[in-house]
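Residue-level structure breakdown
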Amino acid sequence: MSDNLFTNTNEFKKCYKTITEKDGLLDKRNFKLHESFNTIDFDILNLDNSYYIIGRNNENPNYYIFIYFINTTGFLSKTYKNKNINIFDCNKYIKNLYNINDIVLDIVLDIVIIFTKNIKINNLIEKKLTEKIKINNIQTFCYINLLFNITKHKYVPKYIRIISDKTEINNICKLKNIENINHIPKINIIDPLANFYGAKIGDLFEFKRNNINSGTYIYYRLCIN
């Protein structure tokens, strides 16, 4: 296996654009990329086998996202982590970048791991990551699924909102005369759109479409496993 991060730099650029552009993965999840990552040299970075970027939530200053690009599933081994970026130190990288006092312990963190080779990702890999890193909000992608921004597909509604607040979800059910939340149509957590938005089980997708005859049409999907 090549030591390069991506097989070619163009794939690196496409993947990075999907994540960082307006209406990209970070934007859709309400995170802002740290300014130090706005300009990078793809050719130089691609010579390494790992890289990371960090963003902060627009509404919660203690909520961060750590996106880790890696070219192998073996990065959690002891022999590997000592030679490269150590994902176990992600809190340290965040605190250094944002000049956060060590006393601050209540950092909320999402980790997104992007495998930059065509690797088949299975539940065993994510389970192993969760056990070793001790963080529940861990998500994995194969880079192929980020070469194109799925939210820009012509069949995807322009307005999408993820609702996690249980009170708001219950109020929507009352408004729609839905007796049980399970009566709402479903979207699977492994659906590409759910993956892109980082939706969790129990979250509610709110979609809005414009209809020539009836105006704005609003509908919902419940995220399930």
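So, here is what we can say about the structure in this document. A quick note: this is a predicted structure, and the numbers were derived from the prediction, not measured. Residue indices begin from 1 for each chain and proceed along its sequence in written order. Per-residue local features are limited, in this predicted model, to residues with pLDDT of at least 70; the limit for side-chain atom pairs, both in listing and counting, is 80 or more; totals at the level of whole chains, interfaces and linings are taken over all residues. Excluding hydrogens and water, the side-chain values take into account all heavy atoms of the structure.

The next subject is the overall build of the chain. Helical segments are the DSSP runs of H or I of at least four residues, strand segments are the runs of E of at least two, and each set is numbered from the N terminus. A tally of helices and strands in the chain yields eight helices and nine strands. Throughout, radius of gyration means the C-alpha value; the globule benchmark is 2.2 Å times the number of residues raised to the power 0.38. Taken over the C-alpha trace, the chain has a radius of gyration of 19 Å; the compact-globule value for 225 residues is 17 Å, and the two agree within 12%. Seen through its principal axes, the chain has C-alpha atoms that stretch 55 × 40 × 35 Å. Split into buried and exposed, the 225 residues of the chain put 44% on the buried side. By the convention used here, residues are in contact when the closest approach between their heavy atoms is within 4.5 Å. For the chain, restricting intrachain contacts to residue pairs at least 6 apart in sequence, the fraction spanning at least 24 positions comes to 66%. Of the accessible surface of the chain, which amounts to about 13100 Å², a share of 49% is contributed by carbon and sulfur atoms. The charged-residue count follows a simple rule in which Lys and Arg add positive charge and Asp and Glu add negative charge, with His and chain termini not counted at all. Where a charge lies is defined by one atom per residue type: Lys uses NZ, Arg uses CZ, Asp uses CG and Glu uses CD. Between the averaged position of the 31 positive side-chain charges in the chain and that of its 22 negative side-chain charges there is a distance of 4 Å. Using a 1.4 Å probe on the protein chains alone, a residue whose accessible area is under 20% of its type maximum counts as buried, one over 50% counts as exposed, and one in between counts as partly exposed. All accessible areas in this document rest on Shrake-Rupley with a 1.4 Å probe, and a residue is counted as covered only by the protein chains that are shown.

In spatial order, the strands read β6-β8-β9-β7; together these four strands make up an open sheet with mixed pairing. Here the strands that pair on one side only, and so sit at the sheet edges, are β6 (159-163) and β7 (186-188). Between one strand axis and the next, the sheet turns through 30° on average, direction left out of account. Only the contacting stretch of a helix is used when fitting its axis, a line to C-alpha atoms as for every element, and angles between N-to-C directions run 0 to 180 degrees. Its contacts with the sheet place helix α7 (residues 166-175) against β6, β8 (204-211) and β9 (215-224), and it is angled at close to 115° to β6. Strands pair, by our definition, only if DSSP identifies at least two bridges between them.

Here we come to the sheet that holds strand β4 (residues 108-115). Pairing within the open sheet is mixed, and its five strands lie in the order β1-β2-β3-β4-β5. For this open sheet the edge positions go to β1 (31-33) and β5 (138-142), each flanked by a neighbour on one side alone. Geometrically, the sheet is characterised by an average inter-axis angle of 25° between neighbouring strands, direction not taken into account. Sitting on the sheet, helix α1 (residues 9-20) touches β1, β2 (50-57), β3 (63-70) and β4, and the angle it makes with β2 is about 10°.

Close approach of charged atoms allows side chains of opposite charge to pair. Definition used for salt bridges: Asp or Glu carboxyl oxygen within 4 Å of a side-chain nitrogen of Lys or Arg. Counted according to the given criterion, the structure contains six salt bridges. Across the pair aspartate 23 and lysine 22 runs a salt bridge whose closest N-O atoms are separated by 3.8 Å. Here aspartate 23 falls in the partly exposed class, since its relative accessible area comes to 29%. According to the relative accessible area criterion, lysine 22 is exposed, its value standing at 66%.

All right, on to helix α5 (residues 90-97) then. Turning to α5, its buried residues are Cys90, Tyr93, Ile94 and Lys95. Here the buried face of α5 lies against β2, β3 and β4. Positive backbone phi, at 55°, marks asparagine 99, one or two positions downstream of α5.

Turning to the layout of surface pockets, a few remarks are in order. With a probe scaled to a water molecule rolled over the atoms, the places where space remains empty come into view. Using protein atoms alone on a 1 Å grid, points that fit a 1.4 Å probe yet trap it form a cavity, whereas open point sets bounded by protein on both sides within 12 Å along at least five of seven lines form a pocket; residues with an atom within 4 Å of a point count as lining. Grid points are joined across faces, edges and corners, and a volume is the space filled by probe spheres set on the points. For the largest pocket, the calculated volume is near 970 Å³. Together, 34 residues line the largest pocket, and Glu126, Gln139, Thr140, Ile189 and Asn195 are the ones closest to its centre. Listing elements by their share of the lining of the largest pocket, those giving two or more residues are β4, α6 (123-133), β5 and α8 (192-197). In terms of residue count, β5 provides more of the lining of the largest pocket than any other element does, five residues in total. Each residue gets one of three labels, nonpolar for Ala, Val, Leu, Ile, Met, Phe, Trp, Tyr, Cys and Pro, charged for Asp, Glu, Lys and Arg, and polar for the others, Gly among them. A per-class count over the lining of the largest pocket returns 18 nonpolar, eleven polar and five charged. What the second largest pocket holds in volume is close to 570 Å³. Sorting the residues of the lining of the second largest pocket by element identifies α2 (25-28) and β6 as the ones contributing at least two each.

What follows is about the side chain of asparagine 57. When you line up the elements, asparagine 57 lands in strand β2. In protein, a polar contact means a hydrogen-donor-capable atom and an acceptor-capable atom, both N or O and within 3.5 Å, with residues adjacent in sequence counting only if both atoms are side-chain atoms; elsewhere, any N or O pair within 3.5 Å suffices. One polar contact links the side chain of asparagine 57 to the main-chain carbonyl oxygen of asparagine 30, over a distance of 3.3 Å.

Put simply, a disulfide is two cysteine sulfurs that come within 2.5 Å. Under the defined criterion, the tally for this structure stands at zero disulfides. The cysteine cysteine 90 is free of any disulfide, with cysteine 15 supplying the nearest cysteine sulfur at 19 Å. The exposure class of cysteine 90 is buried, given its relative accessible area of 3%. Cysteine cysteine 173 is unpaired, with the sulfur of cysteine 223 as its nearest cysteine sulfur at 15 Å. The exposure class of cysteine 173 is buried, given its relative accessible area of 7%.

That is the geometry; function is a separate question.
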